[in-house]
Amino acid sequence: MSTDAIEIRLARPDDAHAIADVHDVAWRYAYRGVIPGRELERLVERRGAKWWRYAIDRKTRIVVMSFGGVIAGYATYGRNRAVGLPYQGEIFELYLRPEYQGIGLGKRLFNAVRRDLNGHDVKGMVVWALADNVRACDFYRRLGGESVDSMVERFGEVKLQKIAFAWGA
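What you see is a predicted model; the values in this text were computed from it and never measured.

Cut-offs applied
Residues numbered from 1 in each chain as written. Predicted model: local features only at pLDDT ≥ 70, side-chain atom pairs only at ≥ 80, totals over all residues. Heavy atoms only, no water. Phe/Tyr/Trp six-rings, centres within 6.5 Å; stacked < 30°, edge-to-face > 60°. Helix = DSSP H or I, 4+ residues; strand = E, 2+ residues; numbered from the N terminus. Lys NZ or Arg CZ within 6 Å of the ring centre and 35° of its normal. Contact = heavy atoms within 4.5 Å. Pairing = 2+ DSSP bridges. Axes fitted to C-alpha atoms, helices over the stretch in contact; angles between N-to-C directions. Salt bridge = Lys/Arg side-chain N within 4 Å of Asp/Glu carboxyl O. Buried < 20%, exposed > 50% of the residue type's maximum accessible area, 1.4 Å probe, protein only.

*Asks:* Got a sec to walk through the packing of aromatic side chains? Specific residues and values, please.
*Replies:* Following the criterion strictly, the structure yields twelve aromatic pairs and no others. With a centroid separation of 6.3 Å and 70° between ring planes, the pair formed by Tyr 31 and Tyr 95 is classed as edge-to-face. Separated by 64 residues along the polypeptide, Tyr 31 in helix α1 (residues 16-31) and Tyr 95 in strand β4 (residues 89-96) bring together distant segments of the chain. What links up through ring pairs into an aromatic cluster is the set Trp 27, Tyr 31, Trp 51, Trp 52, Tyr 74 and Tyr 95. Stacked on the ring of Trp 51, the Lys or Arg Arg 47 has its end atom at 4.0 Å from the ring centre.

Structural data, given as structure tokens:
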């Protein structure tokens, strides 16, 4: 009998290709039919391995989750960018490959990021999700996130609502 090890750690430069692959499949899965096709393709294509390596080299806060040695997901996070909200931390992105969703790994990744922010005395946290991304909104609600704000983001000719979910201020 074997058990697959789950590891959550800071991204390394040699993870760039795997993160780019997770980004590609996770974004297509999450946003196909939500973000217009051409806009989605542009967003995915601009985040190749070179982009991720540069982000890692710049010390962007990126953690990866590996499951059985395979990078199954990633999260990026740091200080809250929305100055009007009283939360110090923000998860910018949290994505898993579709085949790893729905089995508790996203919650583990979320909690690891939250612990890291708390460990750096960051009070409160916010995550933005497109309102039409029902899976993401349900995920953040199940984790206890409260809707605290909304805004509109433009994707080509389409305007989509984003919801801010928050935890403790």
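*Asks:* Quick rundown of the side chain of His 23? Include the residues and the values.
*Replies:* Within the element layout of this structure, His 23 appears in helix α1. For His 23, the contacting residues outside a window of four places in its chain are Leu 43, Val 44, Arg 47, Trp 52, Tyr 74 and Glu 93.

*Asks:* How would you summarise the sheet that holds strand β7 (residues 158-167) if you had to cite specific residues and measurements?
*Replies:* Read across the open sheet, the seven strands follow the order β1-β2-β3-β4-β5-β7-β6; overall the sheet is mixed. Each end of this open sheet is capped by a strand with a single partner; those strands are β1 (6-10) and β6 (146-155). Ignoring strand direction, the axes of neighbouring strands in this sheet form an average angle of 25°. As paired elements, strand β2 (residues 62-67) and strand β3 (residues 70-79) share six bridges and run antiparallel to each other. Bridging from a neighbouring strand, Phe 67 pairs with Val 70 of β3. Helix α3 (residues 49-57) contacts β2, β3 and β4 of the sheet and is inclined by roughly 120° relative to β2. Lying on the sheet, helix α5 (residues 134-142) is in contact with β4, β5 (125-130) and β7; it crosses β7 at an angle near 15°.

*Asks:* A description of the pairing of β6 should follow, citing residues and the corresponding values.
*Replies:* Two strands pair when backbone bridges link them, and β6 and β7 are joined in this way by nine bridges, in the antiparallel orientation. The residue of β7 that forms the bridge with Glu 146 is Ala 166. Hairpin connection of β6 to β7: two residues between the antiparallel strands, including Gly 156 at a positive phi of 65°.

*Asks:* Explain the pattern of salt bridges to me, and be specific about the residues and the numbers.
*Replies:* The final tally for this structure, using the stated rule, is 14 salt bridges. The salt bridge partner of Asp 24 is Arg 28, with a shortest N-O separation of 2.5 Å. Taken together, the residues Asp 24 and Arg 28, both in helix α1 and four residues apart, mark about one turn of the helix. Close ionic contact of Arg 81 with Glu 90 constitutes a salt bridge, the shortest N to O distance being 2.7 Å. Here Glu 90 falls in the buried class, since its relative accessible area comes to 1%.

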